[in-house]
Amino acid sequence: MIERDYIMRILQEFFDAMAKLIRMQTEQQPQDTAHIQARFDEMYRQFFKSPAEHFYEADSETILDNLEAEGRSNRDTVAKAQMLSELLYRDALLKTDVTERCLLLEKALYLLEYIDGQTKTYSWEQGRKMSDIRKLLTQFKI
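Residues numbered from 1 in each chain as written. Predicted model: local features only at pLDDT ≥ 70, side-chain atom pairs only at ≥ 80, totals over all residues. Heavy atoms only, no water.

Draft legend 1. Broad picture of the environment of Tyr 89. Checked against the element boundaries, Tyr 89 lands in helix 5 (residues 74–94). In the structure, Tyr 89 is positioned 20 residues away from Leu 109 in sequence and 8.3 Å away in space, judged by C-alpha atoms. Here Tyr 89 is in contact with Leu 105, Ala 108, Lys 129 and Ile 133, once residues within four sequence places are set aside. (Helix = DSSP H or I, 4+ residues; strand = E, 2+ residues; numbered from the N terminus. Contact = heavy atoms within 4.5 Å.)

Draft legend 2. Representation of empty space enclosed by the protein. Evaluated as defined, the whole model comprises one cavity of 30 Å³ or more. Approximately 30 Å³ is the volume found for the largest cavity. Forming the boundary of the largest cavity are Asp 116, Thr 119, Thr 121, Tyr 122, Ser 123, Gln 126, Gly 127 and Met 130. Broken down by element, the lining of the largest cavity gets its largest block of residues, three residues, from helix 7 (residues 124–140). (1 Å grid on protein atoms, 1.4 Å probe; cavity = no way out; pocket = protein on both sides within 12 Å on 5 of 7 lines; lining within 4 Å. Points joined across faces, edges and corners; volume = space filled by probe spheres on them.)

Draft legend 3. Spatial organisation of the confidence of the model for the protein chain. Across the protein chain, the average pLDDT comes to 86, with 89% of residues at or above 70. Looking at the elements of the protein chain, mean pLDDT is at its lowest for helix 1 (residues 2–27), recorded as 72, and at its highest for helix 3 (residues 52–57), recorded as 96. (pLDDT = per-residue confidence, 0-100.)

Draft legend 4. The arrangement of helix 6 (residues 98–118) in detail. Compared with the 30 Å implied by 1.5 Å per residue over 21 residues, the 30 Å span of helix 6 between its first and last C-alpha is a close match. Burial in helix 6 covers these residues: Arg 101, Cys 102, Leu 104, Leu 105, Lys 107, Ala 108, Leu 109, Leu 111, Leu 112, Tyr 114 and Ile 115. For helix 6, the secondary structure elements touched by its buried residues are helix 3, helix 4 (60–70), helix 5 and helix 7. (Expected span 1.5 Å × (residues − 1). Buried < 20%, exposed > 50% of the residue type's maximum accessible area, 1.4 Å probe, protein only.)

As structure tokens, this is what we get:
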């Protein structure tokens, strides 16, 4: 019970911070992307205790292994994977370099597929996001 409350509190805090960033991203001018990127970098450190570069450089399997190693339970790992997939996805949309964008989208998709395999209920939102990522990857891959 306490663990579930803790996970729910962390998820709520994360998605509140993400909502603020998304609003900031839509309201600000394109030249303010450096400020938004700095906020994404802070979120990597705050919620995952690693700099953004760690997630940029590590492969998908290593990232998932790290989440599983630090998770106290499967529920905790799935929650962290959900948070990280959203952060990687939003960060990818901010990137202008196509290669970097595709790498982050691939990692977000990998985590979403992991979540899909671990949960017993289907999420329309998650299915839509996976479809959107696949379309983006097809669009950007030459």
